[in-house]
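Residues per chain are reported as follows:
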Amino acid sequence: MAMLARAFSVLAFTLAAVAVGSAAENPRVVNVHNLRAGPGEDSACATCHPPDGAPGQIASQGSAGRFRVFDASVNREFRGGRVDLSEGGGSSLVCLGCHDGTLAPTAGHSAPSGSASLGMDLANDHPVGFSYTRSQIAQPKKLNAFPRGVKLFGPDQRLECQTCHDVHQPGVRNLLRVDTNNSGLCLSCHL
Amino acid sequence: VNTAKPHAAAFFWICLAVQFLIIGAASPFAQSKSLVLGTLHDLRGSGCSVCHNLHGGPPVKGPGDVCGACHTPHRANPAASPLLWVRAIRPGTYQTYDRSVNSEFAGGDVNLSQVSLLCMSCHDGAVALNVDFTGTANAAYVGLVMHGSGRLGTDLRGSHPIGFSYSVSQSANPGRLATVPPPALRLYGPESKLECPTCHDVHNPTNAPFLRMGQQNSALCVGCHL
């Protein structure tokens, strides 16, 4: 029992040391989303999360109505029902606050351009802002009932940008949750 | 208190059974898209060996994403967005099998639907297999133009007709065409049009060449042709 307690204390100490170490250079933002103007600016978070804002507030968030979305009007076989970017906590709108390509460059930061700028026509992008559950129930042979490695949001399991992307993820190409080798990411859902 | 435990256990086993039922029901179809890995529609890599068996061995595929040779999650060709297509499509450039080829053809107007145009974006042999609709080459995929038997060109008058209404054809020839094609085959749109993917399942190599059903005793042909 004493041995177990000792092992536990060693583990706790190690975890604490790791936590302190990572506070110095937070690995969660060591990626393309680290938009610090320079070494003098302390928080990589502030670009998206204003320190004086309400908890969870995001600096720039697009409004849903401006976007043309991928829904049944684009592909008749789409079964996700009504597409609404403002549901599911509006998590896709958080991304589109910058990635709609309309954000003016600010001091030290340039607006997303090239492949990172999606514009406001999302009809040629993978659908977001719909219930995966609803889609899956309508097409059980085409969609996995238990998607692997990706994240769905809310009680009706909505598919948003963050389903595939983890914006804080370091070191993964295109900040993806699942490696694309052998199309692992696509095949998480598509049967 | 004592009765709660058997109830909880029963609930657990019922949940497990339901889960297996769902997985079991889905299993004949599970991962059918992944069947494309290693096939001729898997264009990952460079050089001849991506498609051709050199020295009797299997084709050599590169690493990475299979789907990306045809599909893209972002910035797809706006002219072919329903399937998030990455290649250029060329409507209006194909000579089709119609009444001018065979006076008995009764399928009415012939217009390739988008699903067939997607196939032709590679199989007309006009553009290298790894060049997207913006003209940019993707180094992850083989950079050659379609050649050999897969290259149909732009003159499709020597291929089985596509882009016509099966139901129009069938009602004109009720004794020669099945009222409804075999369930494995697919017709497209409100006009029940016959297109490339009527016979071909591009992700599934089980019945070569990517056919939706076996050709033993010409089952595929006689499924429609009486």
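In this text the structure is predicted, and so the values were computed from the model without any measurement.

Examining the overall build of chain A
Consideration 1: Regarding its fold elements, chain A presents 5 helices and 2 strands.
Consideration 2: Sequence-ordered secondary structure for chain A, helices as α and strands as β, is α-α-β-α-β-α-α.
Consideration 3: For chain A, restricting intrachain contacts to residue pairs at least 6 apart in sequence, the fraction spanning at least 24 positions comes to 61%.
Consideration 4: When the accessible area of chain A is evaluated, it comes to approximately 10900 Å², of which 61% is carbon and sulfur surface.

Examining the overall build of chain B
Consideration 1: Counting its regular elements, chain B contains 5 helices and 2 strands.
Consideration 2: Helices and strands appear in chain B in the N-to-C order α-α-β-α-β-α-α.
Consideration 3: The 226 residues of chain B split such that 36% are buried.
Consideration 4: Contacts in chain B between residues at least 24 apart in sequence constitute 60% of all its contacts with a sequence separation of at least 6.
Consideration 5: Accessible surface for chain B amounts to roughly 12500 Å². Of this, 63% is attributable to carbon and sulfur atoms.

Let's talk about helix α2 (residues 114–123) of chain B
All names here are of chain B.
Consideration 1: Burial runs high along α2: 7 of the 10 residues are buried.
Consideration 2: For α2, the complete set of buried residues consists of S116, L117, L118, C119, M120, S121 and C122.
Consideration 3: Where α2 is buried, its residues contact α4 (196–199).
Consideration 4: Positive phi shows up at G125, right after α2, with a value of about 70 degrees.

A closer look at the side chain of S113 of chain B
Consideration 1: By secondary structure assignment, the location of S113 of chain B is in the loop between α1 (4–26) and α2.
Consideration 2: If sequence neighbours within four positions are ignored, S113 of chain B has contacts with K193 and E195 of chain B.

Let's talk about the confidence of the model for chain A
Residue and element names in this part refer to chain A.
Consideration 1: Averaged over all residues, the pLDDT of chain A is 77; the fraction at 70 or higher stands at 66%.
Consideration 2: Helix α3 (residues 132–138) holds the highest mean pLDDT among the elements of chain A, 97, whereas helix α1 (residues 2–24) holds the lowest, 47.
Consideration 3: This stretch, residues 13–25, has a pLDDT under 50; its non-local contacts, to residues over four places away or in other chains, come to 3 contacts.

Remarks on the environment of L122 of chain A
Residues and elements named next belong to chain A.
Consideration 1: Within the secondary structure layout, L122 lies in the loop between α2 (91–99) and β1 (130–131).
Consideration 2: Judged by its relative accessible area of 6%, L122 is buried.
Consideration 3: Along the backbone, L122 and A46 are 76 residues apart, and their C-alpha atoms lie at a distance of 27 Å.
Consideration 4: Beyond its immediate chain neighbours, meaning those up to four positions away, L122 contacts F67, R68, V69, F70, L85 and L96.

A look at the interface of chain B and chain A
Consideration 1: Taken together, the contact pairs 27 residues of chain B with 26 residues of chain A.
Consideration 2: Summing the contributions of chain B and of chain A, the shared interface buries around 2100 Å²; its carbon and sulfur component is 56%.
Consideration 3: The salt bridge partner of R186 of chain B is E77 of chain A, with a shortest N-O separation of 2.8 Å.
Consideration 4: At the boundary of chain B and chain A, one finds 14 residue pairs in polar contact (both at pLDDT 80 or more).
Consideration 5: Of the residues contributing to the side of chain B that touches chain A, the split by class is 14 nonpolar, 8 polar and 5 charged.

Structural notes on unusual backbone geometry
All names here are of chain B.
Consideration 1: Across the junction of A208 and P209, the peptide omega takes the value -10 degrees, indicating a cis bond.
Consideration 2: In this fold, P209 is placed in the loop between α4 and α5 (219–224).
Consideration 3: The phi torsion at L84 lies on the positive side, around 45 degrees, for a residue other than glycine.
Consideration 4: Mapped onto the fold, L84 is located in the loop between α1 and α2.
Consideration 5: A positive phi angle, near 50 degrees, is found at S192, a position not held by glycine.
Consideration 6: Tracing the backbone through its elements, the reader meets S192 in the loop between α3 (166–172) and β2 (193–194).
Consideration 7: S192 sits in the partly exposed class, given a relative accessible area of 24%.

Concerning the pattern of salt bridges
Consideration 1: Throughout the structure, instances matching the rule amount to 15 salt bridges over all chains.
Consideration 2: By sharing partners, the salt bridges in this structure join R82, D84, E87, D156, R158 and E160 of chain A into a single network.

Quick word on α2 of chain A
All names here are of chain A.
Consideration 1: Inspection of α2 places S91, S92, L93, C95, L96 and G97 among the buried residues, and these make up the whole buried set.
Consideration 2: Elements in contact with the buried residues of α2: α4 (161–164).
Consideration 3: Phi for G101, located one or two positions after α2, is positive at around 80 degrees.

Side note on the side chain of T198 of chain B
Consideration 1: For T198 of chain B, the position within the fold is in helix α4.
Consideration 2: Aside from chain neighbours lying at most four places away, what touches T198 of chain B is L185, R186, L187, Y188, K193 and R212 of chain B.

Examining the confidence of the model for chain B
For any part of a model where pLDDT is low, the fine detail of the predicted coordinates should not be relied upon.
Residues and elements named next belong to chain B.
Consideration 1: Per-residue confidence for chain B averages 90 on the pLDDT scale, and 86% of its residues sit at or above 70.
Consideration 2: Note on residues 23–30: pLDDT under 50 across the span, and 3 contacts to partners over four residues away in sequence or across chains.
Consideration 3: For this predicted complex, the interface score ipTM comes out at 0.79, alongside a pTM of 0.80.

Calculation notes
Residues numbered from 1 in each chain as written. Chains lettered and ligands numbered in written order. Predicted model: local features only at pLDDT ≥ 70, side-chain atom pairs only at ≥ 80, totals over all residues. Heavy atoms only, no water. Helix = DSSP H or I, 4+ residues; strand = E, 2+ residues; numbered from the N terminus. Contact = heavy atoms within 4.5 Å. Areas by Shrake-Rupley, 256 points an atom, 1.4 Å probe, with all protein chains shown as cover. Buried < 20%, exposed > 50% of the residue type's maximum accessible area, 1.4 Å probe, protein only. pLDDT = per-residue confidence, 0-100. Buried area = accessible area lost by both parts, 1.4 Å probe. Salt bridge = Lys/Arg side-chain N within 4 Å of Asp/Glu carboxyl O. Polar contact = N/O pair within 3.5 Å; in protein donor to acceptor, adjacent residues only side chain to side chain. Nonpolar A, V, L, I, M, F, W, Y, C, P; charged D, E, K, R; others polar.

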